[in-house]
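Below, each chain spelled out in residue letters.
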Amino acid sequence: MAGLEDLYREIILDHYRNPRNRGELEVPPATMAEGFNPLCGDEVRVYLQVADGIITEVGIGGQGCSISQSSASMMSTAVVGKSIDETRSVLRKFKEMMSIHEHGLEGDHLSPDENQPGRSGLGDLEALRGVVKFPVRIKCATLGWNTLEQALTEPGDG
Amino acid sequence: MNTKTATPGSLDVTSVKADFPLLQREVHGKSIVYLDSGATSQKPQSVLDAMDRYYSEINANVHRGAYYIAERATAAVESARAALAEFLGAPSSEEIVFTKNATEAINLVAHSWGRTNLTEGDVVLLTMLEHHANIVPWQQLAAERGVEIRWIPVDDEGCLELTNLDDLLNGARLLAVTAASNVTGALPPIRRLTDAAHAVDATVLVDASQWVPHQPSDITAWGADFVAVTGHKMLGPTGIGALWGRQELLSAMPPFLGGGSMIQNVTVDGFTPADVPTRFEAGTQPISEIVGWHASIDYLNQLGMETIAAHEQHLTAYALRTLVDRFGDDLTIHGPPSVENRGGTLSLAYRDIHPHDLSQVLDQHGVCVRAGHHCAKPLMKVLGVSATARASLYLYNDESDVDALADALAAAGEFFKF
């Protein structure tokens, strides 16, 4: 059985208590996208400042549960300084990690290697892997990322 | 069996609980503590048996075949209609239209009555307590017809603020109001509202989804024109609800859905609709669900709604007392503080723990509560929250369930201590 510790890893709680890159950026020049989880009312706003194809600044707004807010916070630290292409690659890897539930809830189909932290190249974001054992919360964890994806498609000055 | 007139006694919750198979199970190694009946109720064995028996003994389409089991199935549907009418205190079972749920019942009124009677500039008066089911159909109508929507506000206790009722009703053609809030548990004064609405010739629709499962119902005494109800919150199956409407209103309304059953005649040139209620029951109805709903009505009648209401009031008082005693200012309970004008729906905010996180920890203790906006986003905004954790009590809950909730809340506080 999946325990609470699988969901609420220390680093997740840390990002919830001390969210990084919290705040708004001026639009324009920044772009902004807003995401909602219609099930629970969680909201995330993602502001992106892009210069020469590099994300130079991220702002996170909104409110919601520890998983949605910490995931957005962790996302912001993961993509600052990355190119749009690199960002899309992280985005894809993260969403892949979050779609494990389609194959099995316990993640036991993964080879031991794949279950090892660090194998996905996602770094700290690996801490969110446990969310897939709580299917209802997957939408919380992906909210910020889907909103990032939207923000990337917004026309901006960058 | 109808023991509606039985004097209220005390409810033997242990024996009630034993009637519900699901309440015997464990989750995460703990006995289940089901506190989400506001979302849907659990079902007693008698309801499951009735649906099973329907399929194994009399399954046939109704109002069609002239053979034995078809007649039995038809009789089962019509006796369910009669039982529901009596349970609600409706004057006639012919005024009961089966629908998929209360949502469909409200949509039926919005489409059929609304599109016949409302035009640009007409006012529909809603309340800030409404569930999205009693908001969105009217917003759809507003967008299509230019109907104006007004709102009765709520006060700090999550009850309707009625000081400006007369102004709000000025020019109103319809008042649509819930009989019991699914968020704050508030019980609006329906008779007072219908009297005020009728004084300006406004029609009144009552969403009774959260009332009928918990209180003795007398919709005639409410004086309403339409009442929407749903089966699955009152021990019945999902997929079945009903609209009650005054005969003269229903008879003047065009059909909502077109199809089989709802006609008197069809030619290549057109159709003649059937009489009420058949006019509004297009296609094959969910027959086993209707039969199951009847069994749930029998179950409730056997215990007596007065007895159930008294039990829930007692339990709600115990819950309010226990939660305030144990958590004091750390816990906010949205809604009326006194049991006199509220039901057993407790929307909670505990410290700064997000309702989703709270319900996640509660789940580990086997405690099922609902976290979210409860399909009442306008009300959430007034309450100044985006979500709450909601515990809703029903006849099969007792003080041990409330204690389990309190223990689990304390454990959540410990877990998220920061």
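Predicted, not measured: the structure shown is a model, and the values here were computed from it.

Visitor: I'd like a rundown of the sheet that holds strand S6 (residues 148-152) of chain B, residues and numbers included.
Guide: Residues and elements named next belong to chain B. Strand order in the open sheet made by the 7 strands is S4-S10-S9-S8-S7-S5-S6, with mixed pairing throughout. A single partner strand is all that each edge strand has here, and the edge strands are strand S4 (96-99) and S6. Direction aside, the axes of adjacent strands within the sheet are offset by 20° on average. Judged from the 5 bridges that link them, strand S5 (residues 123-127) and S6 form a sheet pairing that is parallel. Counted as the bridge partner of Leu 126 is Trp 151 from S6. Packed onto the sheet, helix H5 (residues 136-145) meets S5, S6, strand S7 (172-178) and strand S8 (203-207) and runs at close to 145° relative to S6.

Visitor: Summarise the environment of Glu 289 of chain B; cite the residues concerned and give the values.
Guide: Residue and element names in this part refer to chain B. Tracing the chain through its elements places Glu 289 in helix H10 (residues 287-303). On a C-alpha basis, the gap between Glu 289 and Pro 237 in space is 5.8 Å, while along the polypeptide they are 52 residues apart. If sequence neighbours within four positions are ignored, Glu 289 has contacts with Met 51, Pro 237, Thr 238 and Ile 240.

Visitor: So what's going on with the nonpolar core? Residues and values would help.
Guide: Ranked by size, the top nonpolar core spans 83 residues in total, and within it Val 206 and Leu 395 of chain B carry the most contacts. The leading source of residues in this core is helix H3 (residues 68-88) of chain B, at 9 residues. Split by domain, this core shows at least three residues from each of two domains, domain 1 (13-31 + 304-415) and domain 2 (48-301) of chain B. Among all residues touching Leu 395 of chain B, those that are not within four sequence positions of it are Leu 11, Val 13, Val 16, Leu 235, Tyr 299, Leu 300, Leu 303, Ile 308, His 311 and Glu 312 of chain B. Core analysis: the next-biggest nonpolar cluster, separate from the first, contains 70 residues, Cys 65, Val 131, Ala 141 and Leu 148 of chain A among them.

Visitor: Any chance you could break down the side chain of Thr 147 of chain A for me, citing the residues and the numbers?
Guide: Residue and element names in this part refer to chain A. For Thr 147, the position within the fold is in helix H6 (residues 135-153). With a relative accessible area of 1%, Thr 147 lands in the buried category. Once residues within four sequence positions are removed from consideration, Thr 147 is found in contact with Ala 33, Glu 34, Gly 35, Val 44 and Val 46.

Visitor: Break down the interface of chain A and chain B for me, with residues and values.
Guide: Facing the 22 residues of chain A at the interface are 17 residues of chain B. Buried area between chain A and chain B, summed over both chains or domains, comes out near 1,600 Å², and the portion from carbon and sulfur atoms is 59%. Joining chain A to chain B, the criterion identifies 1 salt bridge. In this structure, Asp 357 of chain B engages Arg 137 of chain A in a salt bridge whose closest nitrogen and oxygen atoms are separated by 2.8 Å. One can count 8 residue pairs in polar contact (both at pLDDT 80 or more) joining chain A with chain B. Mapped onto the side of chain A that touches chain B, the elements with two or more residues apiece are helix H1 (4-7), helix H2 (10-17), helix H3 (66-79) and H6 of chain A. Residue contributions to the side of chain A that touches chain B peak at 3 residues, all from H2 of chain A. Considered class by class, the residues forming the side of chain A that touches chain B number 14 nonpolar, 5 polar and 3 charged.

The rules behind the values
- For every chain, the first residue of the written sequence is number 1, and numbering continues from 1 along that sequence.
- Written order decides the labels, with chains lettered from A and ligands numbered from 1.
- This being a predicted model, a pLDDT of at least 70 is required before a residue's local features are given, and a value of 80 or more before pairs of side-chain atoms are given or counted; all residues contribute to the totals for chains, interfaces and linings.
- To get the side-chain values, take all heavy atoms of the structure and skip hydrogens and water.
- Pairing between strands is defined by DSSP: at least two bridges between the two strands are required.
- Put simply, DSSP marks the helices as runs of H or I at least four residues long and the strands as runs of E at least two long, and each gets a number from the N terminus on.
- All axes here are fitted lines through C-alpha atoms, helices being fitted over the stretch that makes contact, and every angle between N-to-C directions spans 0 to 180 degrees.
- It only takes one pair of heavy atoms within 4.5 Å for two residues to be counted as in contact.
- To qualify as a nonpolar core, a set must consist of buried Ala, Val, Leu, Ile, Met, Phe, Trp, Tyr and Cys residues joined through side-chain atoms within 4.5 Å.
- Type-normalised accessible area, obtained with a 1.4 Å probe on protein chains alone, sets the label of each residue: buried when under 20%, exposed when over 50%, and partly exposed for intermediate values.
- Either an automatic procedure or a domain database provided the assignment from which the domain bounds are taken.
- When two components associate, each loses some accessible surface as probed by a 1.4 Å sphere; the sum of these losses over both components is called the buried area.
- A side-chain nitrogen of Lys or Arg and a carboxyl oxygen of Asp or Glu constitute a salt bridge if their distance falls within 4 Å.
- Pairing of N or O atoms within 3.5 Å defines a polar contact, subject to two protein rules: one partner must be a possible hydrogen donor and the other a possible acceptor, and residues neighboring in sequence count only if both atoms are side-chain atoms.
- Under the scheme applied here, ten amino acids are nonpolar (Ala, Val, Leu, Ile, Met, Phe, Trp, Tyr, Cys and Pro), four are charged (Asp, Glu, Lys and Arg), and all others, including Gly, are polar.

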